[in-house]
Amino acid sequence: MEQNANDAAAKAVAFANGLQKSISVSGKRWAQWPGGADTLAHVIGCIDWLRQRLTAASGAEDGAALVAACIADLRAILEWTTYQSAALATARALRVARKTRAFAEQFGLIDNPAARLSVLVDSEESLIENVRTKNDYMQAIATRHPQLSLPRPLVSVESLAPKIEKKPGRLDLIQQLKKGAKGK
């Protein structure tokens with residue numbers, strides 16, 4: 001029976017090593033987001049902690065149960081990081097969509113403004129809802145595995161809310177004219 005626990009622990013350590021390599025690669029994209037480097041370091045630390053527990057499990061009396069718990073935690077980390085990466089990709093897609101829309105509006109590239117606006121707003125809302133769903137999944141995983149103390153999702157739904165552009169008022173126009181006059 002102990003041999004089976006040792007084999008399971010060895011396989012779980014291999015899983016942890018592969019998971020860490022995979023997260024390190026995807027984590028480079030996380031680091032581009034505020035707080036991403038800290039989140040990556042925390043998740044890598046969780047994997048290291050689980051690897052240490054797996055190493056200790058080979059000599060433990062309840063090794064099989066400890067290995068099973070560690071594997072469940074590694075799977076939770078895998079699932080959590082998958083949702084994290086997907087939420088970041090969706091947030092980046094939303095930013096690109098907004099830039100594209102602004103470009104198209106600025107140069108008048110779309111003929112029917114009423115049709116384009118409703119479609120674009122619906123697509124933005126859909127992307128934001130997608131991030132909200134992924135964040136809920138990540139928080140549920142963190143709740144089910146409190147021993148990992150997984151961090152909050154990197155992308156907050158509030159940060160994705162569209163920025164309300166203030167139309168220039170009289171004061172802005174006067175300041176702009178003064179700057180133009182000083183330059184000449």
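See the structure shown above.
This text gives an overview of the structure that appears in the document. (Residues numbered from 1 in each chain as written. Predicted model: local features only at pLDDT ≥ 70, side-chain atom pairs only at ≥ 80, totals over all residues. Heavy atoms only, no water.)

### Details of the pattern of salt bridges
Under the counting rule described, the total for this entry stands at four salt bridges. A salt bridge links Arg132 to Glu129; the shortest N-O distance between them is 2.7 Å. Taken together, the positions of Arg132 and Glu129, both in helix H4 (residues 113-144) and three residues apart, correspond to about one turn of that helix. Relative accessible area serves as the criterion here: at 34%, Arg132 is assigned to the partly exposed category. (Salt bridge = Lys/Arg side-chain N within 4 Å of Asp/Glu carboxyl O. Helix = DSSP H or I, 4+ residues; strand = E, 2+ residues; numbered from the N terminus. Buried < 20%, exposed > 50% of the residue type's maximum accessible area, 1.4 Å probe, protein only.)

### Some details on the packing of helix H2 (residues 36-57) against helix H3 (residues 63-107)
Remark: H2 packs on H3, axes separated minimally by 9 Å, with the N-to-C direction vectors making an angle of 165°. Classified by the angle between their axes, H2 and H3 sit roughly antiparallel to one another. At the point where H2 passes H3, the crossing takes the left-handed sense. Across from Thr39, Val43, Cys46, Ile47, Leu50, Arg53, Leu54 and Ala57 in H2, the residues of H3 making contact are Gly63, Leu66, Val67, Cys70, Asp73, Leu74, Ile77, Trp80, Thr81 and Gln84. Taken together, the residues that form the contact of H2 with H3 break down as 12 nonpolar, four polar and two charged. (Axes fitted to C-alpha atoms, helices over the stretch in contact; angles between N-to-C directions. Parallel < 35°, antiparallel > 145°, perpendicular 65-115°, else oblique. Left-handed = near helix turned anticlockwise from the far one by under 90°. Contact = heavy atoms within 4.5 Å. Nonpolar A, V, L, I, M, F, W, Y, C, P; charged D, E, K, R; others polar.)

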